[in-house]
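# Geometric and topological summary
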Amino acid sequence: MGVWIWVLVFGFVWGIGAHGLDRHPHTERISGSAGDVLEDDPVGKLKVFVYELPSKYNKKILQKDPRCLNHMFAAEIFMHRFLLSSPVRTLNPEEADWFYTPIYTTCDLTPNGLPLPFKSPRMMRSAIQLISSNWPYWNRTEGADHFFVVPHDFGACFHYQEEKAIERGILPLLQRATLVQTFGQRNHVCLNEGSITIPPYAPPQKMQAHLIPQETPRSIFVYFRGLFYDVNNDPEGGYYARGARAAVWENFKDNPLFDISTEHPTTYYEDMQRAIFCLCPLGWAPWSPRLVEAVIFGCIPVIIADDIVLPFADAIPWEEIGVFVAEEDVPNLDTILTSIPPEVILRKQRLLANPSMKQAMLFPQPAQSGDAFHQILNGLARKLPHNKNVFLKHGEKALNWTAGPVGDLKPW
Ligand SMILES: *[C@@H]1O[C@H](CO)[C@@H](O)[C@H](O)[C@H]1NC(C)=O
Ligand SMILES: *[C@@H]1O[C@H](CO)[C@@H](O)[C@H](O)[C@H]1NC(C)=O
């Protein structure tokens, strides 16, 4: 029923779905047709057991800093709430396919609201120690049938600087678990095979409040608001966004087709609805909320982040709705975008108008059919049944509890 409420609320604004379009298979996606979101109902396909942890791992942390509910890392909190009342939840761990540990590792914020990852490894170790001594399920597989939501910039590498994140690697205790994370880049040590890449959290009500009539003409050709340089953290330049954002600014700051600036106007959401293309370049990490905002506001995302793994790439036809530009091609961005035929632009806009595309990018409360929670559950369900070799023999060990930086081994 949920999806229909969404359609009623947004349907007339965003237009109806992608019916009547050409259908042809696409090799990378699991099934479904070009342009459509793969729609599955996860209910009945998996059972999830939610560990009950002391509130210091979740609710107490949130009480200390309620800003954690609104930032782009909030998926970990909403996932917890969602699972507690989800029909896929089981109270009987003996019948569970998946085990979930509700732990809010991104809710340790600087005064500016940026999440600090430094305590996350110890917190995570502490929680795993607790579940592995109080329940028998962790030791059976050493986490291979457990999933964790880790929305930090570089997921479970627990550092926001790529170099440091790579040096750290994925926390050893999480090596066998399925990680649900916003970070996604191919051939990167911070993305394990089998992870589930999700969209960052963007507040649904707030975005809804900024909708403008669908007939409003898209008079802006290219739109972007954000940093081009990060002088504080990258004084020499060239490291931030691997130079791609600097190249956008240097090449197009005076180009009338490009509405780009560091100023974040109050009309940011409205402006995206008046734009044809919205730039989604990498920053420190390849992902950003712009991806979600572009889809919600029907602005064609121009993805500039080599090797990015996009959210729910097995279910969402990113190749059809977005434009992909290699980082080294940024100087040709004007030619690339002006050469796209109008019918291709119209087709992408029509696909973006599909409510199920938008639904899959959002974490509404309460959850609704086809939303990002459901896409995560679908991802988990598709990994079932677990391979028999994930179950360890009695006394067999696969993980090293003392591996990793010594600082991570201190108690939390
Ligand atoms: C799991 O294994 C650890 C040692 O690796 C042990 O300390 C713990 O008691 C075990 N848990 C259970 C529930 O038996
Ligand atoms: C576990 O990691 C520590 C630290 O790197 C290392 O000294 C130890 O030999 C490892 N243990 C095993 C069993 O591999």
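Residues numbered from 1 in each chain as written. Chains lettered and ligands numbered in written order. Predicted model: local features only at pLDDT ≥ 70, side-chain atom pairs only at ≥ 80, totals over all residues.

## Structural notes on the sheet that holds strand β4 (residues 178–181)
In a beta sheet, neighbouring strands are held together by backbone hydrogen bonds and run either parallel or antiparallel to one another. The cut-off we apply is this: Whether two strands pair depends on DSSP finding at least two bridges between them. Helix and strand labels come from DSSP, where a helix needs a run of H or I of at least four residues and a strand needs a run of E of at least two; each type is numbered from the N terminus.
Judged by pairing direction, the sheet is parallel, and its 5 strands sit side by side in the order β1-β2-β3-β4-β5 without closing on themselves. Each of the sheet's edge strands pairs with one partner strand only, and the pair in question is β1 (48–50) and β5 (196–197). Relative to β5, β4 runs parallel, the two being bridged by 2 bridges. Note on β5: the bridge partner recorded for Q181 is T197.

## Details of helix α3 (residues 75–84)
Working note: α-helix, 3.6 residues per turn, so residues spaced by three or four point in the same direction. Note the threshold: Three exposure classes are used, based on other C-beta atoms lying within 10 Å of a residue's own C-beta, which is placed from the backbone: buried for 20 or more, exposed for 12 or fewer, and partly exposed in between. Each residue gets a C-beta atom placed from its backbone, and two residues are in contact if those atoms lie within 7 Å.
Across the 10 residues that make up α3, a large majority, 7, are buried. Buried within α3 are the following residues: A75, E76, I77, M79, H80, F82 and L83. Residues of α3 that are buried sit in contact with β1, α2 (59–64), β2 (98–100), β3 (146–149) and α15 (372–382).

## Quick look at the site of ligand 1
Selection rule: Any residue whose C-beta atom, as set from the backbone, lies within 6 Å of a molecule or strand is reported as near that molecule or strand. Amino acid classes used here: Ala, Val, Leu, Ile, Met, Phe, Trp, Tyr, Cys and Pro are nonpolar; Asp, Glu, Lys and Arg are charged; the rest, including Gly, are polar.
With respect to spatial proximity, the complete set of residues near ligand 1 consists of S132, S133, P136 and N139. Looking at the shell around ligand 1 residue by residue, the classes come out as 1 nonpolar, 3 polar and no charged.

## What to know about the domain arrangement of the protein chain
The figure often quoted for interface size is the accessible area lost as the parts come together. Our working definition: Domain start and stop points were drawn from an automatic or database domain assignment.
Partitioning the protein chain into domains gives domain 1 (35–201 + 368–409) and domain 2 (204–359). For domain 1 versus domain 2, the separation of C-alpha centres amounts to 28 Å. If you look at the interface, domain 1 gives 26 residues, while domain 2 gives 23 residues. Tallied by class, the residues present in the side of domain 1 that touches domain 2 amount to 10 nonpolar, 11 polar and 5 charged.

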